[in-house]
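Now for the letters of each chain:
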Amino acid sequence: MWKNYRALLGRVRNFTTANMSVNGAKVTEGSATILFNDPDEVFYNPVQQFNRDMSTTAIRTWAENRDEKAVLKAKHRQEIIEAHEKKDENEDKGKSENPSPSRSEETTAPAKNSENNTGTDGSSNVGFNVLEALSATGLRAIRYAKELPNVKKILANDLLARAVEAIDANVKRNDVSHIVVPNKGDANSVMHSFKNQYDVIDLDPYGTATPFLDSAVQSVANNGLLCITCTDSAVLAGNAYPEKCFSNYGGTSLRSDFCHEQAVRHLLYAIAAAAAKYGRAIKPMLSLSVDFYFRVFVQVETKPALVKDLHRQSALIYHCSGCGSNALQYMGKTVPGRIPGSTKYTNATGPPVAANCEHCGYVHHVGGPVWGGPLHDAEFVERMRKIAESLDEKTYGTKRRILGMLAVVAEELSDKPFYFIISQIASVLRAQSPPQSTFVSALLNAGYRASGSHAKSNAIKTDAPWSYIWDIMRAWVAEHPVNSSNIKPNSAGSMILKKECSSQVDFTLQPGAEFSSKKGGYTRYQMNPTENWGPKAKAGKRKIAETDGPAKE
């Protein structure tokens, strides 16, 4: 078993070009080196170095953003204080009688205290603490301690006694005992014990993170960052367990070409719904479908007024069982209120589709609700790209993949949920698949926008209606005829091809049809590094009395 594990680590190391070496039970990743006696005792997955590299970069980006805002806020507060002091001085000079000393102290003393507490440079706000709730080997916490500037304290928690022993040994070995504090405890109990305390909470469980969401949204500080991973892709991105998806995430999954983005939106909806109960709203900074898992970075703000937006940011999905077209039904909308400048929240009207698909006549399946808002924050992503450019490739072995992923994310249409796969809609018609540049050119020539998707290669996101998408395919089939014997009567493809084009389609190639992320030469879509790779099996040989749930790194 151990021999096979070492071989796996070696193959992954060669694939990712990561700074990872294996010598017995010694693993070096990034700036950290960890040792453990048996891989069956504590969970470690080398394939997830990309997850850890990306997380370090994302937290660093969030911390820099927060520090800059703290400085601006402190300067603004200082300007107000100085303005009040100047006003008081002018009032005192204009009086014919001497002012009362007690009154002078009352007006100036609080201002001086406020100045000392805040600082004009925002220095009192610099620094942050992190909770890694499911730490396992402690590798992630140690990397954060060594690679994140201004991190004050990191609580590396795990429920398993053997894991905490390994964390403690690894923390001492890496000389980060002044930052990383090992802790044995139930993750939910730890988070419930410290509400609004942790600036960053990292949840990377084996399987779903939903058992930890309620406590996490309460424990994270105002404007803090939640970094959450889910690996239950069979539930989130499939249709085999719609009831399980509904019970875990509050929405029904669908079998669709856009299942990976749908999975991310299920996770975001679950986080938003959990936070809303406590008057907190989420802002997705970066939301990714990666390999076999889903990783989101979400900022949480205590602002009940923003919680109201969840109503209109939640949506049901109508997905055609024949041709695969889809439509969103948002749960709410806003209209102008009676008072000028005010907004009223009300129910949306619908449904957006008929009982049968207008394109092929098949019935619709209903999924969701899911998060219907943006997946990423454009400003955050651009700043993260700049930081990623400066990373040392020896430390961050997946740097090129980070840059490639962020490049695709940066050009992704933020206001148009879900994508389609060109080859898949071509297969509906049993037609030859048009080149991506040709298809995108047809969209651009008609005045529509188009982008790729980080979740899938050869995927297209566009603001064009499905009626025009099928017109493109009809025009393509007219130039590249299909074998009619391959199309079954009354099939979705047959019904679509029976209709005439209702729009003019121009396939003239456009310079913007080739996405800029493709020109960068980065790794945009990862290939499988090993056979039978994935989230791996749970760590074994554990005493039942020691744990109620899995820990994962």
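Residues numbered from 1 in each chain as written. Predicted model: local features only at pLDDT ≥ 70, side-chain atom pairs only at ≥ 80, totals over all residues. Heavy atoms only, no water.

As recorded in an unreviewed UniProt entry, the chain goes by tRNA (guanine(26)-N(2))-dimethyltransferase and comes from Schizosaccharomyces osmophilus. The chain has a UniProt comment under Sequence similarities (unreviewed entry) that states "Belongs to the class I-like SAM-binding methyltransferase superfamily. Trm1 family." For the record of the chain, the UniProt heading Catalytic activity (unreviewed entry) holds the text "guanosine(26) in tRNA + 2 S-adenosyl-L-methionine = N(2)-dimethylguanosine(26) in tRNA + 2 S-adenosyl-L-homocysteine + 2 H(+)". (UniProt positions renumbered as here; feature names shortened; annotations may be inferred.)

*Asks:* How do you make sense of the overall build of the chain when you look at a structure like this?
*Replies:* What the chain contains, in helices and strands, is 19 helices and 18 strands. Among the 553 residues that make up the chain, the fraction classed as buried is 51%. Contacts in the chain between residues at least 24 apart in sequence constitute 71% of all its contacts with a sequence separation of at least 6. Roughly 25200 Å² of accessible area belongs to the chain as shown, and the carbon and sulfur atoms make up 49% of that amount. (Helix = DSSP H or I, 4+ residues; strand = E, 2+ residues; numbered from the N terminus. Buried < 20%, exposed > 50% of the residue type's maximum accessible area, 1.4 Å probe, protein only. Contact = heavy atoms within 4.5 Å. Areas by Shrake-Rupley, 256 points an atom, 1.4 Å probe, with all protein chains shown as cover.)

*Asks:* Help me understand helix 4 (residues 139–147), please; the structure alone is not making it clear to me.
*Replies:* In terms of residue burial, helix 4 counts as a mostly covered element, since eight of its nine residues are buried. Of all the residues in helix 4, the buried ones are Leu139, Arg140, Ala141, Ile142, Arg143, Tyr144, Ala145 and Glu147.

*Asks:* Would you mind showing me how to read unusual backbone geometry here?
*Replies:* Where the residue is not glycine, phi is negative for most of them; where a peptide bond is considered, it is trans in most cases. Residue Gly350 is joined to Pro351 through a cis peptide bond whose omega torsion reads 0 degrees. With respect to the helices, strands and loops of the structure, Pro351 is situated in the loop between strand 14 (343–347) and strand 15 (364–371). A positive phi angle is found at Asn458, which is not glycine, with a value near 65 degrees. By secondary structure assignment, the location of Asn458 is in strand 18 (residues 456–462). We classify Asn458 as partly exposed; its relative accessible area is 30%.

*Asks:* Before we go on, may I ask you to explain the sheet that holds strand 17 (residues 450–453) in this structure?
*Replies:* What holds strands together in a sheet is hydrogen bonding between their backbones, with the strands either parallel or antiparallel. Pairing is antiparallel in the open sheet, where three strands are placed in the order 16-18-17. Looking at strand neighbours, the two that pair on one side only are strand 16 (420–421) and strand 17, the edges of this open sheet. Two elements, strand 16 and strand 18, share two bridges in a ladder whose sense is antiparallel. Paired with Ile421 across the bridge in strand 18 is Ala459. (Pairing = 2+ DSSP bridges.)

*Asks:* How should I be thinking about the nonpolar core in this particular structure?
*Replies:* Soluble globular proteins tend to pack their nonpolar side chains together in the buried interior. Grouped together as the largest cluster of nonpolar side chains are 47 residues, with contacts concentrated most on Met54, Phe128, Ile154, Val180 and Leu286. Among the elements that take part in this core, helix 2 (residues 49–93) stands out by supplying six residues, more than any other. In this structure Phe128 touches Ile59, Trp62, Ala63, Arg66, Leu148, Pro149, Asn150, Val151, Lys152, Lys153, Asp199 and Val200, once residues within four positions along its chain are discounted. Of all hydrophobic cores here, the second largest spans 43 residues; its members include Leu134, Phe212, Ala275 and Val298. (Core = buried A, V, L, I, M, F, W, Y, C linked by side-chain atoms within 4.5 Å.)

*Asks:* Please clarify how the sheet that holds strand 10 (residues 293–302) should be interpreted in this entry.
*Replies:* The sheet built from seven strands is open, its strands ordered 6-5-4-7-8-10-9 with mixed pairing. Here the strands that pair on one side only, and so sit at the sheet edges, are strand 6 (180–184) and strand 9 (280–290). With strand direction ignored, the average angle separating the axes of adjacent strands in the sheet is 15 degrees. In terms of strand pairing, strand 7 (residues 198–203) meets strand 8 (residues 220–230) through five bridges, oriented parallel. In the strand pairing of strand 8, Tyr198 is matched with Val220. (Axes fitted to C-alpha atoms, helices over the stretch in contact; angles between N-to-C directions.)

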